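These are the residues of each chain, in order.
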Amino acid sequence: EPEVTQTPSHQVTQMGQEVILRCVPISNHLYFYWYRQILGQKVEFLVSFYNNEISEKSEIFDDQFSVERPDGSNFTLKIRSTKLEDSAMYFCASSGTNTQYFGPGTRLTVL
Amino acid sequence: SQKIEQNSEALNIQEGKTATLTCNYTNYSPAYLQWYRQDPGRGPVFLLLIRENEKEKRKERLKVTFDTTLKQSLFHITASQPADSATYLCALSGNTGKLIFGQGTTLQVKP
């Protein structure tokens with residue numbers, strides 16, 4: 001069964017450093033999403049992406065964040081200058097219609 | 001602002017019984033309501049989707065009801081098993097695809 005994959009599974013970085021989180025969505029899906037979940041809190045929407053552009057973003061998704069689909073398979077989330085409060089699980093999701101399929105997540109730890 | 005409340009953070013039941021989880025929402029008229037399962041340290045796994053014009057949906061031992069007047073969904077797991085122990089997330093979406101999640105209910109099924 002096709003699934004969404006994410007790398008790395010765990011990323012540790014110093015405050016102020018740039019990180020890139022990678023996702024490979026399900027191959028025939030057209031809609032892509034990033035969510036995050038701070039430990040013990042709810043899953044929060046960050047951004048949606050369709051037809052090579054952002055279709056919607058949340059207040060969390062400020063100028064420090066960017067997304068890209070550099071080729072036909074990868075979907076990336078970049079955080080330019082990480083802050084302590086960026087520490088969270090980051091989930092990528094993709095969908096063909098209304099159902100979103102989530103990846104296993106990348107745990108980002110900012111020290 | 002939109003608000004989603006899921007009943008009690010934890011629910012403990014005996015194996016074989018029916019688990020009933022509640023999701024209430026305010027200030028929103030979702031086109032879809034979805035239920036996901038999340039295990040510790042893992043991404044949400046899609047279970048069921050119900051549309052605003054549907055009253056009930058079933059899949060194997062799972063049943064979801066949706067009452068747009070009460071702004072409430074009930075999620076039932078019949079003949080529960082210890083393997084059903086997990087956190088269950090309610091999520092709402094409109095036509096943009098963005099999912100708004102509740103905080104989840106942790107279900108513990110005891111043998």
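This is a predicted model, so every value here is computed, not measured.

Thoughts on the pairing of strand β8 (residues 75–79) of chain A
All names here are of chain A.
Right, on to step 1. By the criterion of burial, β8 is predominantly enclosed, with 4 of the 5 residues buried.
Right, on to step 2. In the sheet, strand β3 (residues 19–24) pairs with β8 via 5 bridges, with the strands oriented antiparallel. Counted as the bridge partner of isoleucine 20 is lysine 78 from β8.
Right, on to step 3. Pairing of strand β7 (residues 65–68) with β8 involves 4 bridges; the strand directions are antiparallel.

Some remarks on the state of the cysteines
Right, on to step 1. Tallied over the full model, the rule gives 2 disulfides over all chains.
Right, on to step 2. Across the disulfide, Cys23(A) is cross-linked to Cys92(A) (sulfur-sulfur distance 1.9 Å). In this structure, the disulfide formed by Cys23(A) and Cys92(A) twists by about -60° around the S-S bond and is classed as left-handed. Here Cys92(A) lies in strand β9 (residues 88–95) and Cys23(A) lies in strand β3, a separation of 69 residues in the sequence.
Right, on to step 3. By relative accessible area, which is 0% here, Cys23(A) ends up buried.
Right, on to step 4. There is a disulfide in this structure between Cys23(B) and Cys90(B), and the S-S distance comes to 2.0 Å. A torsion of -60° about the S-S bond marks the disulfide between Cys23(B) and Cys90(B) as left-handed. Of this pair, Cys23(B) sits in strand β3 (residues 19–26) while Cys90(B) sits in strand β9 (residues 86–93), and the two are 67 residues apart along the sequence.

Notes on the pattern of salt bridges
Right, on to step 1. Tallying each qualifying case throughout the model produces 7 salt bridges over all chains.
Right, on to step 2. With a closest N to O distance of 3.5 Å, Lys98(B) and Glu56(A) form a salt bridge. Highlighted residues: Lys98(B) in the loop between β9 and β10 (99–101) and Glu56(A) in strand β6 (residues 53–57), drawn from two different chains.
Right, on to step 3. The class for Lys98(B) is partly exposed, based on a relative accessible area of 22%.
Right, on to step 4. Lys3(B) is paired through a salt bridge with Glu5(B); the nearest N and O atoms lie 3.7 Å apart.
Right, on to step 5. Classification of Lys3(B) as partly exposed rests on a relative accessible area of 47%.

A short note on the packing of aromatic side chains
Right, on to step 1. All chains considered together, the criterion is met by 17 aromatic pairs over all chains.
Right, on to step 2. Summarising the aromatic geometry, the rings of Tyr35(A) and Phe101(B) are spaced 5.9 Å apart at their centres and angled 85° between planes, so their arrangement reads as edge-to-face. Separated into two different chains, Tyr35(A) in strand β4 (residues 31–37) and Phe101(B) in strand β10 make up a pair that spans both.
Right, on to step 3. On the basis of relative accessible area, Tyr35(A) is assigned to the buried category, the value being 0%.
Right, on to step 4. A relative accessible area of 2% places Phe101(B) in the buried class.
Right, on to step 5. Put simply, the rings of Tyr33(A), Tyr35(A), Phe45(A), Tyr101(A), Phe102(A), Tyr36(B), Phe46(B) and Phe101(B) touch in pairs and so form one group of aromatic residues.

Here we look at the nonpolar core
Right, on to step 1. Leu33(B), Trp35(B), Phe75(B), Tyr88(B) and Leu107(B) are the most contacted members of the largest nonpolar core, which totals 25 residues.
Right, on to step 2. Counting only elements with at least two residues in this core, the list comes to β2 (10–14), β3, β4 (32–38), β5 (45–51), β7 (62–67), β8 (72–77), β9 and β11 (105–110) of chain B.
Right, on to step 3. Residues contacting Tyr88(B), with those up to four places away along its chain left out, are Gln6(B), Leu21(B), Trp35(B), Tyr36(B), Arg37(B), Leu47(B), Phe75(B), Ile77(B), Gly104(B), Thr105(B) and Leu107(B).
Right, on to step 4. Counting 21 residues, the second-largest nonpolar core is a separate cluster that includes Phe61(A), Val67(A), Ile79(A) and Val110(A).

Here's the deal with the sheet that holds strand β6 (residues 56–59) of chain B
Residue and element names in this part refer to chain B.
Right, on to step 1. Strand order in the open sheet made by the 5 strands is β1-β3-β8-β7-β6, with antiparallel pairing throughout. The open sheet terminates on both sides in strands that have one partner only, identified here as β1 (3–6) and β6. Between one strand and the next, the sheet's axes are offset by a mean angle of 15°, whatever the strand orientation.
Right, on to step 2. The pairing of β1 with β3 spans 4 bridges and is classified as antiparallel. Looking at β3, one finds that lysine 3 is bridged to threonine 26.

Calculation rules
- Residues numbered from 1 in each chain as written.
- Chains lettered and ligands numbered in written order.
- Predicted model: local features only at pLDDT ≥ 70, side-chain atom pairs only at ≥ 80, totals over all residues.
- Heavy atoms only, no water.
- Buried < 20%, exposed > 50% of the residue type's maximum accessible area, 1.4 Å probe, protein only.
- Helix = DSSP H or I, 4+ residues; strand = E, 2+ residues; numbered from the N terminus.
- Pairing = 2+ DSSP bridges.
- Disulfide = S-S within 2.5 Å.
- Salt bridge = Lys/Arg side-chain N within 4 Å of Asp/Glu carboxyl O.
- Phe/Tyr/Trp six-rings, centres within 6.5 Å; stacked < 30°, edge-to-face > 60°.
- Core = buried A, V, L, I, M, F, W, Y, C linked by side-chain atoms within 4.5 Å.
- Contact = heavy atoms within 4.5 Å.
- Axes fitted to C-alpha atoms, helices over the stretch in contact; angles between N-to-C directions.

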